[in-house]
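# Inside the fold
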Amino acid sequence: QVQLVESGGGLVQAGGSLRLSCAASGRTFSGYTMGWFRQAPGKDREFVTAISRSGIYYSDSVKGRFTISRDNGKNMIFLQMTSLKPEDTAVYYCAAGVLAYPTGGSWRESDFVSWGQGTQVTVSP
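Overview of the structure. Think of each chain on its own: its residues are numbered from 1, step by step along the sequence as written. Given that this is a predicted model, residues contribute local features only at a pLDDT of at least 70 and side-chain atom pairs are listed and counted only at 80 or more, while totals for whole chains, interfaces and linings are drawn from all residues. The basis for every side-chain value is the complete set of heavy atoms in the structure, and neither hydrogens nor water enter the calculation.

### Here's the deal with a nonpolar patch on the surface
- Residues V98, L99 and V113 make up a contiguous nonpolar surface patch of about 220 Å² in total accessible area.
- A run of DSSP states H or I qualifies as a helix once it reaches four residues; a run of E qualifies as a strand once it reaches two. Both are numbered from the N-terminal end. By secondary structure assignment, the location of V98 is in the loop between β9 (90-97) and β10 (114-115). In this analysis, a patch consists of residues with relative accessible area above 30% that form no salt bridge, clustered at 9 Å for like charges and at 5 Å for the nonpolar side chains Val, Leu, Ile, Met, Phe, Trp and Tyr. Shrake-Rupley sampling with a 1.4 Å probe provides the accessible areas, and residues are treated as covered by the protein chains on show and by no other component. Salt bridges are defined as contacts in which a side-chain nitrogen from Lys or Arg sits within 4 Å of a carboxyl oxygen from Asp or Glu.

### Focus on the pattern of salt bridges
- The tally for this structure, following the rule as stated, stands at five salt bridges.
- In this structure, R45 engages E109 in a salt bridge whose closest nitrogen and oxygen atoms are separated by 3.0 Å. Of the two residues, R45 is situated in the loop between β4 (33-39) and β5 (46-52) and E109 in the loop between β9 and β10; the sequence distance between them amounts to 64 residues.
- Residue burial is assigned from relative accessible area. The probe radius is 1.4 Å, only protein chains are included, and a residue is buried under 20% of its type maximum, exposed over 50%, and partly exposed in between. Judged by relative accessible area, which is 23%, R45 ranks as partly exposed.
- Taking the shortest distance from any N to any O, the salt bridge between R65 and D88 comes out at 2.8 Å. With a gap of 23 residues between them, R65 in the loop between β6 (55-58) and β7 (66-71) and D88 in the loop between β8 (76-81) and β9 connect regions that are remote in the sequence. For the pair R65 and D88, one class covers both residues: buried.
- Where salt bridges share partners, they join R38, E46, R65 and D88 into one cluster.

### So, the side chain of R65
- For R65, a relative accessible area of 10% translates into the label buried.
- Within polar-contact distance, the side chain of R65 engages the backbone oxygen of S83 at 2.9 Å. Contacts described as polar in this section are N or O atom pairs within 3.5 Å, which, within protein, must combine one atom able to donate a hydrogen with one able to accept it, while residues neighboring in sequence count only if both atoms come from side chains.

### Comments concerning the pairing of β6
- Whether two strands pair depends on DSSP finding at least two bridges between them. When β5 meets β6, the two strands line up antiparallel, connected through four bridges. Bridge pairing links T49 to Y58 in β6.
- Taking the residues between adjacent antiparallel strands as the criterion, β5 and β6 are bridged by two residues.

### Overview of the state of the cysteines
- Put simply, a disulfide is two cysteine sulfurs that come within 2.5 Å. For the structure on display, the rule yields one disulfide.
- Here C22 connects covalently by a disulfide to C94, the sulfurs 2.1 Å from one another. Linking C22 and C94, the disulfide has an S-S dihedral of approximately -80° and is accordingly described as left-handed. With C22 in strand β3 (residues 18-24) and C94 in strand β9, this pair connects stretches of sequence that are 72 residues apart.
- By relative accessible area, which is 0% here, C22 ends up buried.
- For C94, a relative accessible area of 0% corresponds to the buried category.

Quick look at the structure:
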């Protein structure tokens, strides 16, 4: 399995931007579907975005504000977050999976096999 390490979290004011990074180990990184999930205090972990052989996916709550990208040469993915809102405050997790398409029509935690430890993003009003 691939091992994942996130970085780039922090405190930012509403309307600001932040870029998260996720470094992956393993020689077959380019074949993985990579995703970002987040978990706010007291809430379940939720899907944010994913990039796979089938395309790029975003949740409605971040569409138009967040951008996922990957650099297969460096075994990394990125999450560029703009126009941040207080409700974006959460621990953000990087995830890797082997499916090209989401099961059930939308990406779920169970579609991913490896997870990072998470990085905190806090957006102040």
